[in-house]
Amino acid sequence: MSIILVGVNHKTAPVEIRERLAFSDEACADGLRRLVDGEIVREGLIVSTCNRVEILSAITAEQLESGTGRLAEFLDATARLPTGFLINHLYQHTDEEAVRHLFRVASSLDSMVVGEPQVLGQVRHAYSVAVEAGTAGRILNRLVHHTFRVAKRVRNETGIAANAVSISYMAVELGKKIFDSLKGCTVLLVGAGEMAELSARHLVNAGASRVLITNRTEETARQLAAEFGAVTVPFDQLDHALTEADVVICSTGAPTYVLTEGQARRSLGRRRNRPTCFIDISVPRNIEPAVGKVPNVFLFDIDDLESVITSNIREREREAERAELIVQSEVMQFQQSLRLMDVGPSIGALREKMQEVARAELVRQRKRLGVLTEEQEAAIEALLVSTINKISHPIMNQMRRFYETTEPDAAQSSKDIFELDE
Amino acid sequence: MRSLLATVLAAYLIAAIHSILAFINKRRSVQRVAEWATVTGFVLHTGALVVDWMIDGHYPLFFLRETLSFLAWALVAVYALVLYRYRAQAVGAFTMPLISVLVFFALLANPGPSDAPAAFSATRLFPIHTTLVIFAYAAFFIVFMASVMYLLQERELKLKTFSAIFYRLPPLTTINELATSAAVVGLTLLTLGIATGMIWSWNRYGRFWHNDPKEIFAALTWLVYLVLIIYRSTADWRGRRAAWLGVLGFALVLCTLFGTRLLGGYHKFGLFLGI
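Residues numbered from 1 in each chain as written. Chains lettered and ligands numbered in written order. Predicted model: local features only at pLDDT ≥ 70, side-chain atom pairs only at ≥ 80, totals over all residues.

(A) Structural detail: the overall build of chain A. Helix and strand counts for chain A come out as 14 helices and 10 strands. Projected onto its principal axes, the C-alpha coordinates of chain A cover approximately 115 × 55 × 35 Å. Here chain A holds 422 residues, and the buried ones make up 38% of them. Sequence separation of 24 or more characterises 69% of the internal contacts of chain A that already satisfy a separation of 6 or more. (Helix = DSSP H or I, 4+ residues; strand = E, 2+ residues; numbered from the N terminus. Buried ≥ 20, exposed ≤ 12 C-beta atoms within 10 Å, placed from the backbone. Contact = placed C-beta atoms within 7 Å.)

(B) Main features of the overall build of chain B. When you go through chain B residue by residue, the secondary structure sums to 10 helices and 0 strands. For chain B, the α and β elements follow one another from N to C terminus as α-α-α-α-α-α-α-α-α-α. Excluding contacts between residues fewer than 6 apart, the proportion of contacts in chain B whose partners are at least 24 apart in sequence is 78%.

(C) The interface of chain B and chain A, seen in detail. Listed per partner, the contact involves 17 residues of chain B and 22 residues of chain A. For the side of chain B that touches chain A, the elements supplying multiple residues, two or more each, are helix H2 (28–56), helix H6 (125–159) and helix H8 (172–205) of chain B. By residue number, the principal contributor to the side of chain B that touches chain A is H8 of chain B, which donates 3 residues. The residue makeup of the side of chain B that touches chain A, split by class, is 5 nonpolar, 4 polar and 8 charged. (Nonpolar A, V, L, I, M, F, W, Y, C, P; charged D, E, K, R; others polar.)

(D) Representation of the packing of H8 of chain B against helix H9 (residues 213–234) of chain B within the structure. All names here are of chain B. One way to put it is that H8 packs onto H9 with a least axis distance of 10 Å and a crossing angle of 140 degrees. In terms of their interaxial angle, H8 and H9 are classed as oblique. Crossing angle aside, the handedness with which H8 passes H9 is left-handed. Of the residues in H9, those touching H8 at Thr 180, Ala 183, Val 184, Gly 186, Leu 187, Leu 190, Thr 191 and Ile 194 are Ala 218, Trp 222, Tyr 225, Leu 226, Leu 228, Ile 229 and Arg 232. (Axes fitted to C-alpha atoms, helices over the stretch in contact; angles between N-to-C directions. Parallel < 35°, antiparallel > 145°, perpendicular 65-115°, else oblique. Left-handed = near helix turned anticlockwise from the far one by under 90°.)

(E) Quick peek at the pairing of strand E9 (residues 276–280) of chain A. All names here are of chain A. Among the 5 residues that make up E9, 5 are buried, leaving the element largely enclosed by the rest of the structure. In terms of strand pairing, strand E8 (residues 247–250) meets E9 through 4 bridges, oriented parallel. Bridging from a neighbouring strand, Val 248 pairs with Phe 278 of E9. Remark: the E8/helix H11 (residues 261–270)/E9 crossover connection has right-handed handedness. (Pairing = 2+ DSSP bridges. Right-handed = clockwise from strand over helix to strand, strands pointing away.)

(F) Region of interest: the sheet that holds E9 of chain A. Residues and elements named next belong to chain A. Judged by pairing direction, the sheet is parallel, and its 6 strands sit side by side in the order E7-E6-E5-E8-E9-E10 without closing on themselves. Edge positions in the sheet fall to strand E7 (231–232) and strand E10 (297–301), since each has one partner strand and no second. In this fold helix H7 (residues 167–178) packs onto E8, E9 and E10, with an angle of close to 160 degrees to the strand it touches most, E9.

(G) Geometry of the sheet that holds strand E1 (residues 2–9) of chain A. Residue and element names in this part refer to chain A. On the basis of which strands lie adjacent, the open sheet formed by 4 strands has the order E2-E3-E1-E4 and antiparallel pairing. Every other strand in the sheet has two partners, leaving strand E2 (41–48) and strand E4 (91–94) as the edge strands with one partner each. Taking each pair of neighbouring strands and ignoring which way they run, the sheet shows an average axis angle of 15 degrees. Bridge analysis of E1 against strand E3 (residues 52–59) gives 8 bridges, and the strand direction is antiparallel. Its bridge partner being in E3, Val 8 is matched across the sheet by Val 53.

(H) Highlighting the packing of helix H4 (residues 96–106) of chain A against helix H6 (residues 138–157) of chain A. Residue and element names in this part refer to chain A. Closest axis-to-axis distance for the H4/H6 pair is 9 Å, and the angle between their directions is 45 degrees. Relative to H6, the element H4 lies oblique. Here H4 and H6 pass one another in a crossing that is right-handed. Contact residues: Val 99, Leu 102, Phe 103 and Ala 106 in H4; Leu 143, Thr 147, Val 150 and Ala 151 in H6.

(I) Spatial organisation of the environment of Leu 120 of chain A. All names here are of chain A. As for its placement among the helices and strands, Leu 120 is situated in helix H5 (residues 118–133). Each C-alpha atom of the pair Leu 120 and Val 190 lies 37 Å from the other, and the pair is 70 residues apart in sequence. Residues contacting Leu 120, with those up to four places away along its chain left out, are Ala 106, Ser 108 and Ala 151.

(J) Representation of the environment of Ile 279 of chain A in the model. All names here are of chain A. Structurally, Ile 279 is set in strand E9. Between the C-alpha atom of Ile 279 and that of Leu 189, which follows or precedes it by 90 residues, the distance is 9.8 Å. Once residues lying within four places of it in the same chain are set aside, the contact partners of Ile 279 are Ala 171, Leu 174, Val 248, Ile 249, Cys 250 and Phe 300.

(K) Main features of the nonpolar core. With 130 residues, the main nonpolar core has Val 187 and Ile 249 of chain A as its most contacted residues. The element that contributes the greatest number of residues to this core is H6 of chain B, accounting for 18 residues. When sequence neighbours within four positions are dropped, the list of residues in contact with Ile 249 of chain A reads Ala 171, Val 187, Leu 189, Ala 196, Ser 199, Ala 200, Ile 279 and Ile 281 of chain A. (Core = buried A, V, L, I, M, F, W, Y, C linked by C-beta atoms within 7 Å.)

(L) Region of interest: unusual backbone geometry. Residue and element names in this part refer to chain A. Cis geometry is found at the peptide bond from Val 283 to Pro 284, where omega equals -5 degrees. Here Pro 284 shows up in the loop between E9 and E10. The phi dihedral of Ser 108 falls on the positive side, at around 65 degrees, and the residue is not glycine. Mapped onto the elements, Ser 108 comes out in the loop between H4 and H5. Positive phi values are uncommon outside glycine, yet Asn 296 reaches one of about 65 degrees. Relative to the assigned elements, Asn 296 resides in the loop between E9 and E10. With 20 C-beta atoms packed within 10 Å, Asn 296 lands in the buried category.

See below:
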């Protein structure tokens, strides 16, 4: 049995193609039932997200070529495209490579934004659809569960998802580096822009308890405030609001500075030197750069945020390198466990066959032994079985070793000796 | 005895190495090893001090070897508290190596005569005085560590350089709170320590004050931390200035602890490094 993965992702196919391939849950289950025939394609699973569509399947090893062809055709048919149309966009991985690919996808190493958390949930969902469709069997069950374990390990042992990589989330990130917890923090939005709104949402999710909104046109502020359960503040009372705010997000369309150094200094005095984090995402800038020089005030403009994001991405890339090592070692572990799974049945078969021979011989010779007590009879049988087990033990060990060291020929020849493949 | 202390050193070294590794690569599993090694080392260290006490018959805080070992022990205790209360793992990467060095020198140091002068072991007040002061110094070390971390992190945020340090140090207010509470604890202990020392001196010599360098430095240290705390609580003096004061205070602590060995004076008794 071989594991095959065929698919497209954001690197190999444009959105026009990916959207034609996207599967709904029902289409996914239907497709899987059609695809998995129990002879060539034994098991199957479809991962369909906005950035990728991939079919993972277990295919009878001897039918590898035709099986893989069927997967590709299946994708062509799904997208209602002529056969062979997708060939330039498809990638195809077999066995070890397929396992590695799945591990990388689930650990978010293959994502557009490395470390994004959604993809694991999507793989989980794909698996549950396959289970319901009845197309996840012995091999895929094992593979997918191992995949979850790998993804969890990568998440726990590396900082791949640790730092924000979007402007709107930076407010949370920077806030957390200044305040030990955002719980109980007050956020002030100056200007009711979309970006400010998104940042504020992130801050509220992270625990910020109060949002103040001020805007030149009060109506806009009021609308936004209604969505948040926030409080609006008249624009001319900005100074008063500054005193309360721990995090200030400024994004007005004003052509000049809305917040000056003097205002920041005065509010700092009233705040009894409690630190404030000013984030200015407007262009032209709305907060006077000199505000950043005030002690206990931290000012970040749009370029600063971009530079943190760049450095966060670098940090994630460093972590991704470590994640690749984890994936590598897990792929090896999985391959080994798969080989042991293969050897299990043949070892069992060997032992059974030998014991059968012994019992048959006993039956044949039984008459010559005359009358025996029950104990004697049991002892003779036990003697035969233990002799068989002791003799076959080194042979079985050797078979196991052949499988572990990937010597399929040697493993096959030991099967051949005992005529195990009927 | 020595072998027990050597085992303690081994545990602390493991903790130090893993703390540094955890600081660099931020792996939780490595951090866990560091914490377990710290706890193991601390338990063994406590045992070593108790055994010392029973064998030598005096409180194990008198000779140089004992002082170094006891100081290390106090630092571990304080560090463990900080870890438990603030989860400020970064502290370990700086503290555990220092602790290891202290224990290492304790192992090297001349064991000295096993009996302390009777005058010092006769009264309970003297060991109380030394213990209080040692713990005060350990707390001041935490203030110092927190102040340095504050200055580094604040610099990162102000200059927006965001180097590796930025990702590894705790948030500013956590560090600030840690520094403030450590300073309060330290000052309380130092006040009590100085008071017990004075009473002991009064009982023995009939005077509170000997004008020796150690006493003067201790008084200065006391004053600096008092100013630090008063400013923090009344004028809400936070941030860089408070952090610099924390660094200055610790420089005075070092002078008090080691400087008097060079300057001489009443607190120096031959082999014995006074507190």
